[in-house]
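Structure at a glance
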Amino acid sequence: MTFVPFFDLKRQFRSLRDDILGELTAVCDSQSFILGPKVEMFEKAVSSICGDRHAVGMSSGTDAELALLMGLGVGPGDAIVTSPFTFFATAGCGARLGVKLVFVDIDRDTFNLSAKRLEEFFSTDCTFDERGLRTSDGLLVKAVIPVHLFGLCCAMDEILLICSRFRVPVIEDAAQAIGAEYPSSNGLKRAGGIGEFGFFSFYPTKNLGAFGDAGMALAKDSAMADRLKVIRNHGMEPKYCHDVVGGNFRLDALQAAVLLKKLPYLGAWSERRWEIAQHYRTEFGEFAPALQSPVEPFRESIGNRGHTYHQFVVRTAKRDELREHLRALGIGTEIYYPIPLHLQNCFAQMTAKPCPVSESAAREALALPIFPELTDAEVEIVAKGVGSFFKK
Ligand SMILES: Cc1ncc(COP(=O)(O)O)c(C=O)c1O
C-alpha cells in the first residue's frame, strides 16, 4: 500500500535546502535577528503582491490580527462580527481584548461569511445612528472579519458595500489566501488588499510557510501602518516611551529570510495546487450530488487565479465513512473544522445568529491531500480512493 500523506513539508524543504540554509547562515553571521533589513525587504515584497497595502511584519497571523484590533482601539463595550466556520484565532483575538463576538452564518457553497446574513444582522438586529452601529445589547460594532477560507476570497464587493453603509471597518482574514485574486467591481484585487485592513499567516503549512510562526498585517492607510509598527514593539515610541500599550509582535529576521527565499515560488506552487484541484474535480464530477467539490465562483472571469487551494475541501453526508475508507487505504485527510466557533465552550457567552450552514459544514467537510509537491501518482491514488468509496 502506498501511503499518501495529507501534507509533507519535508519535500519542499529538500528542494530549497541549500538556498535557504545559505540565507539563514547570512542572518546568523549578521547576528541581527529582530526586525531589520530582511524584514523590511519582505514587507515590501508582500506589499507589492497585495495592491500596495502597507505591510507590517508580525510574529504570527494571530498577532497581526490582534495588533490590527488594538490599532482600531477595540475593547470592552464593542462587538466584532465574523464567521463561526474558521480557525479559532479569527475570533480568539477579539475575545482576548474583551470584545463580544457575533457569529454570522456562512454561505453553503463557498464556506465563507454570508453577505446576505450579514446584511440581515445589521438591518434587523442592530440600530444605526450618527454614533455608529449598535447591537441589541448596546455594543458598538467595531469590525467585521470575513475569512477567505481555504484560499477563496469572500464576496467582498457585497460585504464592503454593506459595511460602508453602516460605517464598519473590514479586516480581511487572508491567513489562508495569500495570492488569491478577486474580480472586484473596481478591478482585479488580491486577498488582503481588497478592504482597508487585512492579515496573512505564514504558519509552516500555509501556501507560503515560514520555519515557525510568522505573519503580516496590512493596511491601506499609512497612519494605521505607523500605529501597527509601534504596537508590535510594546507600544514603544521613541525608545522607552509608551503612549499606548502594545506587545512583542515582531517578525524575526530568520523567518523573513526564509519567506523571501520562498516567495518567488508562490505563483508556481499555487498553479500546481490548482492543477491537482482540477484533477480531483474532474474525477469527482460523476459522484455529485453525493460528493461536492469546492466551487470556483470567479473561474469565468479570472480563471485559475481566483482560488489558491490552500485546502481542497469536499462535502458529503458520508464524511466520516469516507474518511475511514481513505484511512484504510493509507490516504491522509483532515477535518476543517469539526466544531464551529459558536459551539465552542469558551464562546458560550458570545452572540450567535442561528448558524445551521456552519453546523452542517462541520459534519460534512473533508479536506483531501493538496500540496505542490504531491506527485501525479499520489493524486491519482487519492482520486481513485475516493472513487472506490462512491462506486461501492
Ligand atoms: C483562518 C485563519 N485565521 C488566523 C490564523 C492564525 O494564524 P497564525 O497561525 O499564523 O497565528 C490562521 C492560521 O492558522 C487561520 O487559518
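Our structure's up above, just so we're on the same page.
Since this is a predicted model, take the numbers as computed values, not measurements. (Residues numbered from 1 in each chain as written. Predicted model: local features only at pLDDT ≥ 70, side-chain atom pairs only at ≥ 80, totals over all residues. Heavy atoms only, no water.)

Here we take up the sheet that holds strand β11 (residues 215–219). Judged by pairing direction, the sheet is mixed, and its four strands sit side by side in the order β1-β11-β10-β7 without closing on themselves. Where the open sheet ends on each side, the last strands, each with one partner, are β1 (54–58) and β7 (171–173). Across the sheet, the axes of successive neighbouring strands diverge by a mean angle of 20°, strand direction being ignored. Pairing geometry for strand β10 (residues 197–201) and β11, over five bridges, is antiparallel. Its bridge partner being in β11, S201 is matched across the sheet by G215. (Pairing = 2+ DSSP bridges. Helix = DSSP H or I, 4+ residues; strand = E, 2+ residues; numbered from the N terminus. Axes fitted to C-alpha atoms, helices over the stretch in contact; angles between N-to-C directions.)

Now for helix α5 (residues 115–125). Burial in α5 covers these residues: A115, L118, F121 and F122. One side of α5 carries all its buried residues, which in axial view fall inside an arc of 125°. Pointing more than 90 degrees away from the buried face of α5 are the exposed residues K116 and T124. On its buried side, α5 packs onto β2 (78–82), β3 (100–103), β5 (132–134), β6 (140–145) and α6 (156–165). (Buried < 20%, exposed > 50% of the residue type's maximum accessible area, 1.4 Å probe, protein only. Arc of directions from axis to C-beta. Contact = heavy atoms within 4.5 Å.)

A separate point is the packing of helix α2 (residues 37–48) against helix α8 (residues 253–262). Between α2 and α8, the least distance of the axes is 8 Å, while the angle of their chain directions is 45°. Classed by the angle they form, the pair α2 and α8 counts as oblique. For the crossing formed where α2 meets α8, the hand is left-handed. For the pair formed by α2 and α8, the contact residues are K38, V39, M41, F42 and A45 on the first element and A253, A256, A257, L259 and L260 on the second. (Parallel < 35°, antiparallel > 145°, perpendicular 65-115°, else oblique. Left-handed = near helix turned anticlockwise from the far one by under 90°.)

Quick look at the pattern of salt bridges now. Summed over the entire model, instances satisfying the criterion amount to 22 salt bridges. Taking the shortest distance from any N to any O, the salt bridge between R131 and D129 comes out at 2.9 Å. Its salt-bridge partner being E380, residue K384 comes within 2.6 Å of it at the nearest N-O pair. Taken together, the residues span about one helical turn, with K384 and E380 both in helix α13 (residues 376–390) at a distance of four residues. In this structure K384 comes out as partly exposed when scored by relative accessible area, which is 45%. For E380, a relative accessible area of 27% gives the class partly exposed. Through salt bridges that share partners, D8, R11 and E378 make up one connected network. (Salt bridge = Lys/Arg side-chain N within 4 Å of Asp/Glu carboxyl O.)

This part covers the environment of Y182. With respect to the helices and strands, Y182 occurs in strand β8 (residues 181–184). Note on Y182: relative accessible area 4%, which makes it buried. Taking the C-alpha atoms as reference points, Y182 and H307, separated by 125 residues in sequence, lie 9.0 Å from one another. Filtering out sequence-adjacent residues up to four positions away, Y182 remains in contact with C153, C154, A155, M156, D157, E158, G187, L188, K189, I194, F298 and I302. In terms of polar contacts, Y182 uses its side chain to reach the backbone amide nitrogen of M156, at 3.1 Å. Within the structure, the side chain of Y182 is placed 2.8 Å from the backbone nitrogen of D157, a separation counted as a polar contact. (Polar contact = N/O pair within 3.5 Å; in protein donor to acceptor, adjacent residues only side chain to side chain.)

Turning our eyes to something else, we now look at the pairing of β2. Strand residues, when the strand is regular, have side chains that alternate between the two faces of the sheet. Where burial is concerned, most of β2 is hidden: five out of the five residues are buried. Burial along β2 is two-sided: the face carrying D78, I80 and T82 and the face carrying A79 and V81 are both buried. Pairing geometry for β2 and β6, over five bridges, is parallel. Bridged to V81 within β6 is V144. The pairing of β2 with β3 spans four bridges and is parallel. Residue pairing for β3: I80 is matched across the bridge by L101. Regarding the hand of the β-α-β motif, the stretch spanning β2, helix α4 (residues 89–96) and β3 is right-handed. (Right-handed = clockwise from strand over helix to strand, strands pointing away.)

Core analysis: the largest hydrophobic core is formed by 53 residues, its most contacted members being F42, V46, V81, F122, F200 and F202. Elements with a contribution of two residues or more to this core: α2, β2, α5, β6, α6, β11 and α8. Residue contacts for F122: discarding those within four places in its chain leaves V81, L133, V141, V144, I162, C163, F166 and V168. Grouped together as the second largest cluster of nonpolar side chains are 29 residues, A67, L68, I80 and A143 included. (Core = buried A, V, L, I, M, F, W, Y, C linked by side-chain atoms within 4.5 Å.)

The subject of this paragraph is unusual backbone geometry. Of note, the amide linkage connecting E237 to P238 takes the cis form, showing an omega dihedral of -10°. With respect to the secondary-structure elements, P238 resides in the loop between α7 (222–231) and α8. Omega for the peptide link from Y336 to Y337 comes to 0°, which places this bond in the cis form. Phi is positive for H234, close to 65°, though the residue is something other than glycine. With respect to the helices and strands, the residue H234 is situated in the loop between α7 and α8. Phi at Y240 takes a positive value of approximately 65°, unusual for a residue other than glycine. Structurally, Y240 can be placed in the loop between α7 and α8. For Y240, a relative accessible area of 64% translates into the label exposed.

Further remarks concern the site of the ligand. G61, T62, D173, S201 and K206 are the nearest of the 14 residues found near the ligand. Within the side chain of T62, an N or O atom sits 2.4 Å from an oxygen atom of the ligand. For the ligand, the accessible surface in isolation is 380 Å², of which the surrounding protein chains cover 93%. (Near = heavy atom within 4 Å. Areas by Shrake-Rupley, 256 points an atom, 1.4 Å probe, with all protein chains shown as cover.)

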